[in-house]
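Residues per chain, in single letters:
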Amino acid sequence: MAAPDLTPSDDAESPAEGLAIFDDQTHDESAAPARSSRLGVVVLVLAVVLLALDGVAIALLAGDAVTAAASIALVTMLASIGVGVVALVAVATRRGRWQAVAAVLLSVLANPFVFVWLLGALVPSL
């Protein structure tokens, strides 16, 4: 009696043959195209602009232009939330990560409630 043939035939597919397609494909980080840091830079610039708008709102409030100051504060409050969320997306997707981290911190600071509280804590004479 002959021993059974253990080599796979052309007709039958062995279980290992179906996994051979994964052997050739590897995930190589260096082969991926470089991600643009433009998103991180854009949100950083927007966060700095929001911080400047907060300064303008404080100056208008000091000059008794309450309606204009309140309008600018409302716009900066809503925009700081949006910029903070987009900056977090930039951090998560590695698109200008360090600029986006700075933008997250500045957008929190650009929120008028945080900005006024911080000014009151640092300069109590105001």
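Shown above is the structure to which this text applies.
Source: prediction; values computed, not measured.

Peer 1: Describe in detail the nonpolar core, supporting the description with residues and values.
Peer 2: Counting residues in hydrophobic clusters, the biggest one holds 10 residues: Val-43, Ala-47, Leu-50, Val-83, Ala-87, Ala-90, Ala-100, Ala-103, Val-104 and Ala-110. Those elements that place two or more of their residues in this core are α2 (38-62), α3 (66-92) and α4 (97-109). The contacts of Ala-103, once residues within four sequence positions are left out, are Val-43, Leu-44, Ala-47 and Ala-87.

Peer 1: Outline the packing of α2 against α3, listing residues and values.
Peer 2: Between α2 and α3, whose axes approach to 9 Å, the crossing angle comes to 160°. Overall, the two elements α2 and α3 adopt an arrangement that is roughly antiparallel. Here α2 and α3 pass one another in a crossing that is left-handed. Residues Leu-39, Gly-40, Val-43, Leu-46, Ala-47, Leu-50, Leu-53, Asp-54, Val-56, Ala-57, Leu-60 and Leu-61 of α2 touch α3, and the partners they reach there are Val-66, Ala-68, Ala-69, Ile-72, Ala-73, Thr-76, Ala-79, Ser-80, Val-83, Val-86, Ala-87 and Ala-90. Tallied by class, the residues present in the contact of α2 with α3 amount to 20 nonpolar, three polar and one charged.

Cut-offs applied
Residues numbered from 1 in each chain as written. Predicted model: local features only at pLDDT ≥ 70, side-chain atom pairs only at ≥ 80, totals over all residues. Heavy atoms only, no water. Core = buried A, V, L, I, M, F, W, Y, C linked by side-chain atoms within 4.5 Å. Buried < 20%, exposed > 50% of the residue type's maximum accessible area, 1.4 Å probe, protein only. Helix = DSSP H or I, 4+ residues; strand = E, 2+ residues; numbered from the N terminus. Contact = heavy atoms within 4.5 Å. Axes fitted to C-alpha atoms, helices over the stretch in contact; angles between N-to-C directions. Parallel < 35°, antiparallel > 145°, perpendicular 65-115°, else oblique. Left-handed = near helix turned anticlockwise from the far one by under 90°. Nonpolar A, V, L, I, M, F, W, Y, C, P; charged D, E, K, R; others polar.

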